[in-house]
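# Structural description and commentary
This is what each chain is made of:
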Number of protein chains: 2
Amino acid sequence: MQYQTLLKTELHDVKDLMLRAINQIPSEISQAISQLVNRGGKQLRPSLVLLSCNVCNAPADKALYAAAAVEMLHTATLIHDDLIDNASTRRGTNTLNAVYSTAATVLSGDITFAIAARFAALSDNVMLVKKFAQTLEKICQGELNQMLNGHNSIPTVSEYFRRIEAKTASLFSLCTESGAILAGCSSKESDNAREFGYNLGLAFQIADDVLDFMGTENRLGKPVGGDLKEGLITLPVLHYYQEHLNDPRINAILEKQGQPEDIRTLVADLRNSDAADWSMQQANLLVEKALNLLKTNPATPYRHAMEEIARFAVQRSF
Amino acid sequence: MQYQTLLKTELHDVKDLMLRAINQIPSEISQAISQLVNRGGKQLRPSLVLLSCNVCNAPADKALYAAAAVEMLHTATLIHDDLIDNASTRRGTNTLNAVYSTAATVLSGDITFAIAARFAALSDNVMLVKKFAQTLEKICQGELNQMLNGHNSIPTVSEYFRRIEAKTASLFSLCTESGAILAGCSSKESDNAREFGYNLGLAFQIADDVLDFMGTENRLGKPVGGDLKEGLITLPVLHYYQEHLNDPRINAILEKQGQPEDIRTLVADLRNSDAADWSMQQANLLVEKALNLLKTNPATPYRHAMEEIARFAVQRSF
């Protein structure tokens, strides 16, 4: 991918910052978190931070800290999410909770949050720290809402979008807005940058939800049908359900009672339906909206790399 | 207590800030966290922040945010600690993990961290946010160290002090230094203020460790002998052990194999030994050191309230 070439040095520096901080953690846990960071192949979130900083001419050292903060925050949420979902595989390797106790996994996530907060503070920008904290709050709110209310009934499309906004679009918005914040751009520029990340984040999550049944375990680094197993009704499943009302498998899944056979056959039926195509149409519309928001920026390699990421978000197989 | 009268309005405002933020959390969890905050009777940490801000003439609105940040951070660590220790009672009521799932408890702690980070950012002081993040990192480091290495052998006295520094003194230092940070005091003044909190924090934790077997469940709001049950060898137990080498009950406790009867008899024997007196001598020396550090400050009601807290730390029964 072009953005990885363009940002090669900076992405290397960001990873170096993260790994050095993780190295301070007591040894066993340190290795496990390093592995998780090292296997985060796409590095989309730190790349979006770095691109947005380059577009706005934000100070280079602050950009590195902001990128590291966002990636550490994302890593921390993955550690706690996997514990909460009892997931055993992430990025093609064991989750922390699969290897360590609940106690050690909780603390590993907490210390990763702490490192993220330190990096955010090292950006020396109070506004960025505020947005950073608000984003973490929003992510947790979304997860708690889903946990407390999400498993009783099929969500509406609007509930689905509220959920993925909290889960993914909020952090993507922070990534793409961070350059404008660090460079002190106008509020119009900040709004545009944030909106770009927001639409991109929604599209990215829809594509992720489609990959849950269209992808392969090998490419995804986690089992196929994981969302269904977790009782998560995503946009493609919602669409499928509207055309197959009262499918007993979906009701079973909603109550986390889905049997492996139910999930296997539902994955097959979803693959044979128009659920993926219909959902990807929605994702593509969001990407178009995102790309339009970039048009006011000068046509630099950084803008082109952002466009590349936006297209990749909906064309990827992992 | 005099400090509570002196800070009545400010402590009320701090609690109001916290409860309004907690109110945004999905309802069930919101109530549980509010209860935890409402039952935090002593409010020592936010009081130390407010006193240090008053001593240094830090801006009043920033002081409220810093105090709320510290108390929310403390609350978040209590939520995760109780989950980790599988504790069922805190502040005289059920812990979150006793009522809710592991997943909901992890997220409750996370969202409380997020609110704490937002309050820290609202202090509009990047240095404070950095120290805040470093403190969280230190607390987590300490807990991970204890978890990974703490249960194999009797700790040395120096290991004990390293542990309580991370667990308690680091946050107390942040509290007492925050006024100097927010007011932009000289580094000499900052150092003094931090050292005061550091010594006070160590003394406070030693007294806490003594209360674990000298206190009553009714006054403590949690069961007597909780540390022993958890396999935690504290200063008084270390002292007792040096005089009763190879007491099989202590070895059993170290491996978390202590039976209720072992814990009951050991509590009785500790109460009859000089373990409490000897440990409180150490705590008193630390308080003296802390009080000496205050002598350069003008003799205002705020300094007197700090002195009162320092004395209370080692004279309390709860």
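Here the structure is shown first, and the text comes after it.
What counts, and at which threshold
- Residues numbered from 1 in each chain as written.
- Chains lettered and ligands numbered in written order.
- Predicted model: local features only at pLDDT ≥ 70, side-chain atom pairs only at ≥ 80, totals over all residues.
- Heavy atoms only, no water.
- Helix = DSSP H or I, 4+ residues; strand = E, 2+ residues; numbered from the N terminus.
- Buried < 20%, exposed > 50% of the residue type's maximum accessible area, 1.4 Å probe, protein only.
- Least-squares fit on C-alpha atoms with pLDDT ≥ 70 in both.
- Contact = heavy atoms within 4.5 Å.
- Buried area = accessible area lost by both parts, 1.4 Å probe.
- Salt bridge = Lys/Arg side-chain N within 4 Å of Asp/Glu carboxyl O.
- Polar contact = N/O pair within 3.5 Å; in protein donor to acceptor, adjacent residues only side chain to side chain.
- Axes fitted to C-alpha atoms, helices over the stretch in contact; angles between N-to-C directions.
- Parallel < 35°, antiparallel > 145°, perpendicular 65-115°, else oblique.
- Left-handed = near helix turned anticlockwise from the far one by under 90°.
- Nonpolar A, V, L, I, M, F, W, Y, C, P; charged D, E, K, R; others polar.
- Phe/Tyr/Trp six-rings, centres within 6.5 Å; stacked < 30°, edge-to-face > 60°.
- Lys NZ or Arg CZ within 6 Å of the ring centre and 35° of its normal.
- 1 Å grid on protein atoms, 1.4 Å probe; cavity = no way out; pocket = protein on both sides within 12 Å on 5 of 7 lines; lining within 4 Å.
- Points joined across faces, edges and corners; volume = space filled by probe spheres on them.

## Focus: unusual backbone geometry
All names here are of chain A. Of note in the backbone geometry, N246 takes a positive phi value of approximately 65° without being a glycine. Of note, N246 is situated in the loop between helix 13 (235-243) and helix 14 (248-254). Note on N246: relative accessible area 59%, which makes it exposed.

## Some thoughts on the relation of the copies chain A and chain B
Superposition record for chain A on chain B: RMSD 0.0 Å, screw rotation 180°, translation along axis 0.0 Å. Here the transformation between the copies is reduced to the relation of a two-fold axis. Measuring from the rotation axis to each C-alpha of chain A, the shortest distance belongs to A:V126, at 3.0 Å.

## Digging into the interface of chain A and chain B
At the junction of the two partners, chain A supplies 39 residues and chain B supplies 39 residues. Buried area between chain A and chain B, summed over both chains or domains, comes out near 3600 Å², and the portion from carbon and sulfur atoms is 78%. It is A:L107, A:E137 and A:L144 in chain A that bury the most area against chain B; as a group they hold 17% of the surface buried on that side. Counting across the chain A and chain B interface gives four salt bridges. A salt bridge links B:K130 to A:D124; the nearest nitrogen and oxygen atoms lie 3.2 Å apart. Where chain A packs against chain B, one counts eight residue pairs in polar contact (both at pLDDT 80 or more).

## Topic: the packing of helix 10 (residues 187-214) of chain A against helix 16 (residues 275-294) of chain A
Residues and elements named next belong to chain A. Relative orientation of the contacting elements helix 10 and helix 16 amounts to 160°, with a least axis distance of 8 Å. In terms of orientation, helix 10 and helix 16 fall into the roughly antiparallel class. The interaxial crossing formed by helix 10 with helix 16 has left-handed handedness. Residues N192, E195, F196, N199, L200, L202, A203, I206, A207, V210, F213 and M214 of helix 10 touch helix 16, and the partners they reach there are A275, A276, S279, M280, Q282, A283, L286, V287, K289, A290, L293 and L294. The residue makeup of the contact of helix 10 with helix 16, split by class, is 18 nonpolar, four polar and two charged.

## A short note on the pattern of salt bridges
Under the definition given, this model contains 28 salt bridges over all chains. A salt bridge links A:R20 to A:D16; its shortest N-O distance comes to 3.4 Å. Residue A:R20 and its partner A:D16 are both found in helix 2 (residues 8-22); the two are separated by four residues, about one turn of the helix. The partner of B:E177 in a salt bridge is B:R194, with the nearest N and O atoms 3.0 Å apart.

## Some remarks on the side chain of A:N97
Turning to its location among the elements, A:N97 is positioned in helix 6 (residues 96-99). In this structure A:N97 comes out as buried when scored by relative accessible area, which is 14%.

## With respect to the packing of aromatic side chains
For any two aromatic rings, the description comes down to two numbers: the centre-to-centre distance and the angle of the planes. Scanning all chains against the criterion turns up six aromatic pairs over all chains. Over the ring of A:F119 we find A:R118, and its NZ or CZ is 5.7 Å from the ring centre.

## A word on empty space enclosed by the protein
Inspection of every chain in the model, using the stated rule, returns eight cavities of 30 Å³ or more. A volume near 90 Å³ is recorded for the largest cavity. Every residue along the wall of the largest cavity is listed here: A:L73, A:F113, A:A117, A:F132, A:A133, A:L136, B:F113, B:A117, B:F132 and B:L136. Only helix 7 (102-122) and helix 8 (126-149) of chain A together with helix 7 (102-122) and helix 8 (126-149) of chain B provide two or more residues apiece to the lining of the largest cavity. Top element by residues in the lining of the largest cavity is helix 8 of chain A. It accounts for three residues. Residues that form the lining of the largest cavity fall into these classes: 10 nonpolar, no polar and no charged.

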